[in-house]
There are 2 protein chains.
Amino acid sequence: MSIDTAALLQGNRRALAKAITLTESKLDSHRQQAQELLESLLPHTGNSIRIGITGIPGVGKSTFIEAFGLYLIKQGKKVAVLAVDPSSPITGGSILGDKTRMEVLSQQNNAFIRPSPSGGTLGGVAQKTRESMLLCEAAGYDVILVETVGVGQSEYEVASMVDFFLVLMLPNAGDELQGIKKGILELADAIVVNKADGAARLMAEQTRQHYSNALSILQHSAFWQPRVLLCSALENHNIDTIWAMIEEYRHKAQDAGVFAHKRNRQNQEWMWRLVHELIDRRLKHDPHARSVCDAMQNKVIAAQTTPYIAAHRIVESLKG
Amino acid sequence: MSIDTAALLQGNRRALAKAITLTESKLDSHRQQAQELLESLLPHTGNSIRIGITGIPGVGKSTFIEAFGLYLIKQGKKVAVLAVDPSSPITGGSILGDKTRMEVLSQQNNAFIRPSPSGGTLGGVAQKTRESMLLCEAAGYDVILVETVGVGQSEYEVASMVDFFLVLMLPNAGDELQGIKKGILELADAIVVNKADGAARLMAEQTRQHYSNALSILQHSAFWQPRVLLCSALENHNIDTIWAMIEEYRHKAQDAGVFAHKRNRQNQEWMWRLVHELIDRRLKHDPHARSVCDAMQNKVIAAQTTPYIAAHRIVESLKG
């Protein structure tokens, strides 16, 4: 597959889309080519703010991203929207699949919208989204929005690849508490109570108060205390305040010297995850290692050997 | 080190204590000997109920374990008390270190109390506690109580090695909510509100209600809905009810066919954790692999290569 790198660096959306398609390919030769392309583009990456956005279905994620994206474009930004949706690995993801969901945003010259890739290769959907993110940065996008639905580990995956993690909520604490997974509040740099309009305003304020209390008992970094804001994406209310907050976060994180540090940590943790995944793959695909794994697993279940001895034998089988 | 296996199998506590000391040794030759001993004893293991007990300092863990242990001994059981305390890896653990904490229990012929091992070797404190558990079973102990404090990952470690996980709470929901980590409620098979005596009874009942509500929104297995009980270890109140509940759990789990299944799963997950830990050790200790890891980590931080390429190079270095 031939990629016009110069065009990509100049922001050509067709070249960008083609490069992303290359990284998503399952062909070994394409994977190799994609990694070489990414390595060559690395010096041009990193110049964006990466924002993760999650929330249960019905919270208004598309409406929010459309309103937020259009606001950013009016401020002169270039905005890329990516998605991590592990819930439909075959069809390629149900979120962002239909561009008409963000009809106005998708027609902007300075917007780039890409649906969730289908999983399958090493690192899964998250790996591909990380690579797409780098390609968007090389193409000059200032703001990368990574959308996800609250399925499985997807929020953790997204939180571990972005600078700022934003959780959208509905103005109804009672229902919400059941929909939200434990642990998500600990990931949030901010909670935005969307649909705080019309008759729901009072309930939204109560919800805001509720989550402010919940967040205050969790431990946080020295430089940032997570906030809870109200917003109405439909009425374009408070969209500017949310962006101002994220800008404030970026400046505070940079002043505290932790902005780059966090990205380095994310990259290293990601590298080690891939190391473990690669080794597991080898243990599964190498016929000798695989037969040792199967035999050891059976012996452990039959109480014929200890997990400790079994683990040693499995690791020995990697040498061959 | 010479271990009298026949004496251990007959329940000799000195032989048992010596065997545990062997598994805790950091000498390679002792590790080898310990694994051979464990493998030979495996047919005699598994005939106990393994109960994990956690709770914040001040909740009355020792008083509870003493009252519970003495009750079980009166029922004709042999009771072993082990501990997982990763908080003091050098001194050997602060919990159970002082046997006088369970003065009456420790003097019983049918009780065996062993403080937390110090970490250090593969698998850490949890690995050694798992091995001690097997040795206690081989020595004929019917009930293994594994105590832990809520530090780091210790609750998860203990929950992944026992049949039943019990969380002790104080009769004060307000304070408790802040002390308890998110996620612990999801591990609990039962919550016991201790110190439900005297003036605290009403508060204890409110706390019980509070946690019943909290548990009811979490998803559980088909055969068991976690319960919340009141108890006063000091006044020996409801100790019998707690044991009856655990017995009921065991029967229901066995009837549902999941009792042995859970142990098999725990053993397999443990084996795979040891595989990854062994590989990480090799990457750290093998000079060639280590230099590749360091170089790749630096290249990733300097944005000279991608985590994907770096991970591949690191795994390649294992072959040599």
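What you see is a predicted model; the values in this text were computed from it and never measured. (Residues numbered from 1 in each chain as written. Chains lettered and ligands numbered in written order. Predicted model: local features only at pLDDT ≥ 70, side-chain atom pairs only at ≥ 80, totals over all residues. Heavy atoms only, no water.)

K.L.:
Tell me what's going on with unusual backbone geometry, and back it up with residues and numbers.
P.N.:
Residue and element names in this part refer to chain B. Even without a glycine there, the phi angle at K195 is positive, about 60°. Mapped onto the elements, K195 comes out in the loop between β6 (190–193) and α10 (201–216). When its relative accessible area of 34% is taken as the criterion, K195 is described as partly exposed. (Helix = DSSP H or I, 4+ residues; strand = E, 2+ residues; numbered from the N terminus. Buried < 20%, exposed > 50% of the residue type's maximum accessible area, 1.4 Å probe, protein only.)

K.L.:
An account of the pairing of strand β2 (residues 79–84) of chain A is needed here, citing residue identities and associated values.
P.N.:
Residues and elements named next belong to chain A. Within β2, 6 of the 6 residues are buried, which leaves it mostly tucked inside the rest of the structure. Here β2 shows a buried face lined by V79, V81 and A83 and a second buried face lined by A80, L82 and V84. Of the pairings in the sheet, the one linking β2 to strand β3 (residues 111–113) comprises 3 bridges and is parallel in character. When the sheet's bridge partners are listed, A80 is paired in β3 with F112. (Pairing = 2+ DSSP bridges.)

K.L.:
Describe the sheet that holds strand β1 (residues 49–54) of chain B, and please don't skip the residues or the numbers.
P.N.:
Residues and elements named next belong to chain B. The sheet built from 7 strands is open, its strands ordered β3-β2-β4-β1-β5-β6-β7 with parallel pairing. In the strand order of this sheet, the two ends are held by β3 (111–113) and β7 (227–230), each with one partner. Across the sheet, the axes of successive neighbouring strands diverge by a mean angle of 20°, strand direction being ignored. Relative to β7, β6 runs parallel, the two sharing 4 bridges. (Axes fitted to C-alpha atoms, helices over the stretch in contact; angles between N-to-C directions.)

K.L.:
Can you explain the sheet that holds strand β4 (residues 143–148) of chain A? Please cite residues and give values.
P.N.:
Residues and elements named next belong to chain A. Ordered by their spatial adjacency, 7 strands build an open sheet running β3-β2-β4-β1-β5-β6-β7, and the pairing between neighbours is parallel. Two strands close off the open sheet at either side, each with one partner strand: β3 and β7 (227–230). On average, each strand axis in the sheet is tilted by 20° relative to the strand beside it, whichever way the strands run. In the packing of helix α10 (residues 201–216) onto the sheet, the strands contacted are β5 (164–169), β6 (190–193) and β7, and the crossing angle to β7 comes to about 175°. (Contact = heavy atoms within 4.5 Å.)

K.L.:
Give me the domain arrangement of chain A: which residues, what numbers.
P.N.:
All names here are of chain A. According to the domain assignment, chain A consists of domain 1 (45–256) and domain 2 (268–316). Opposite the 8 residues of domain 1 that make contact, domain 2 presents 6 residues. Across the domain 1/domain 2 interface, buried area totals approximately 610 Å², and carbon plus sulfur atoms make up 54% of it. Interface area lost by domain 1 to domain 2 is led by L122, G123 and R130, which between them contribute 65%. At the boundary of domain 1 and domain 2, one finds 1 salt bridge. A salt bridge links E157 to R273; the nearest nitrogen and oxygen atoms lie 3.3 Å apart. Put simply, domain 1 and domain 2 have 2 residue pairs in polar contact (both at pLDDT 80 or more) between them. (Domains from an automatic or database assignment. Buried area = accessible area lost by both parts, 1.4 Å probe. Salt bridge = Lys/Arg side-chain N within 4 Å of Asp/Glu carboxyl O. Polar contact = N/O pair within 3.5 Å; in protein donor to acceptor, adjacent residues only side chain to side chain.)

K.L.:
Kindly report on the packing of aromatic side chains, identifying the contributing residues and their values.
P.N.:
Residues and elements named next belong to chain A. Going through the model one piece at a time under the given rule, you end up with 14 aromatic pairs over all chains. Between F164 and Y249 the ring centres are 4.9 Å apart and the planes differ by 80°, which places this aromatic pair in the edge-to-face class. Separated by 85 residues along the polypeptide, F164 in strand β5 and Y249 in helix α11 (residues 239–255) bring together distant segments of the chain. The class for Y249 is buried, based on a relative accessible area of 5%. An aromatic cluster of three or more residues is present, and its members are F164, F223, W224 and Y249. Here the basic side chain of K78 rests over the ring of Y141, its NZ or CZ set 4.4 Å away from the ring centre. (Phe/Tyr/Trp six-rings, centres within 6.5 Å; stacked < 30°, edge-to-face > 60°. Lys NZ or Arg CZ within 6 Å of the ring centre and 35° of its normal.)

K.L.:
Would you mind going over the relation of the copies chain A and chain B in detail, with residue names and values included?
P.N.:
Two copies of the chain are present, and they differ by a rotation about an axis and a shift along that axis. Once chain A is rotated about the relating axis by 180° and shifted along it by 0.0 Å, it coincides with chain B to within an RMSD of 0.1 Å. Expressed as an axis order, the relation between the two copies is that of a two-fold axis. Among all residues of chain A, the one whose C-alpha sits closest to the rotation axis is K319 of chain A, at a distance of 2.9 Å. The share of interface residues of chain A whose copies in chain B are also at the interface is 100%, consistent with both copies meeting through the same surface. (Least-squares fit on C-alpha atoms with pLDDT ≥ 70 in both.)

K.L.:
Got a sec to walk through helix α14 (residues 307–317) of chain B? Specific residues and values, please.
P.N.:
Counting buried positions along α14 of chain B gives 8 out of 11 residues, so the element sits mostly inside the fold. Residues P307, Y308, I309, A310, A311, I314, V315 and S317 of chain B constitute the buried set of α14 of chain B.

K.L.:
Before we move on, can you summarise the interface of chain A and chain B with the specific residues and values?
P.N.:
Interface size is commonly expressed as the accessible surface area that is lost when the partners come together. The interface is formed by 47 residues belonging to chain A together with 47 residues belonging to chain B. Carbon and sulfur atoms supply 70% of the area that chain A and chain B bury against each other, a total of about 4500 Å² over both sides. The interface formed by chain A and chain B holds 2 salt bridges in total. Two residues, R282 of chain B and E316 of chain A, come together in a salt bridge whose shortest N-O distance is 3.8 Å. Scanning the region where chain A abuts chain B turns up 12 residue pairs in polar contact (both at pLDDT 80 or more). Elements represented by at least two residues in the side of chain A that touches chain B include exactly α3 (28–41), α6 (124–138), α12 (259–285), α13 (287–301) and α14 (307–319) of chain A. Looking at the side of chain A that touches chain B, the element that brings in the most residues is α12 of chain A, giving 14 residues. Along the lines of polarity and charge, the residues of the side of chain A that touches chain B split into 26 nonpolar, 12 polar and 9 charged. (Nonpolar A, V, L, I, M, F, W, Y, C, P; charged D, E, K, R; others polar.)

K.L.:
Let's hear about the packing of α12 of chain A against helix α13 (residues 287–301) of chain B: which residues, and what values?
P.N.:
Two numbers describe how α12 of chain A lies on α13 of chain B: the axes approach to 9 Å, and their chain directions differ by 140°. On the basis of their axis angle, the class for α12 of chain A and α13 of chain B is oblique. In terms of crossing hand, the pair formed by α12 of chain A and α13 of chain B is right-handed. From α12 of chain A, N264, N267, Q268, M271 and W272 of chain A reach across to α13 of chain B, where they touch C293, M296, Q297, V300 and I301 of chain B. (Parallel < 35°, antiparallel > 145°, perpendicular 65-115°, else oblique. Left-handed = near helix turned anticlockwise from the far one by under 90°.)

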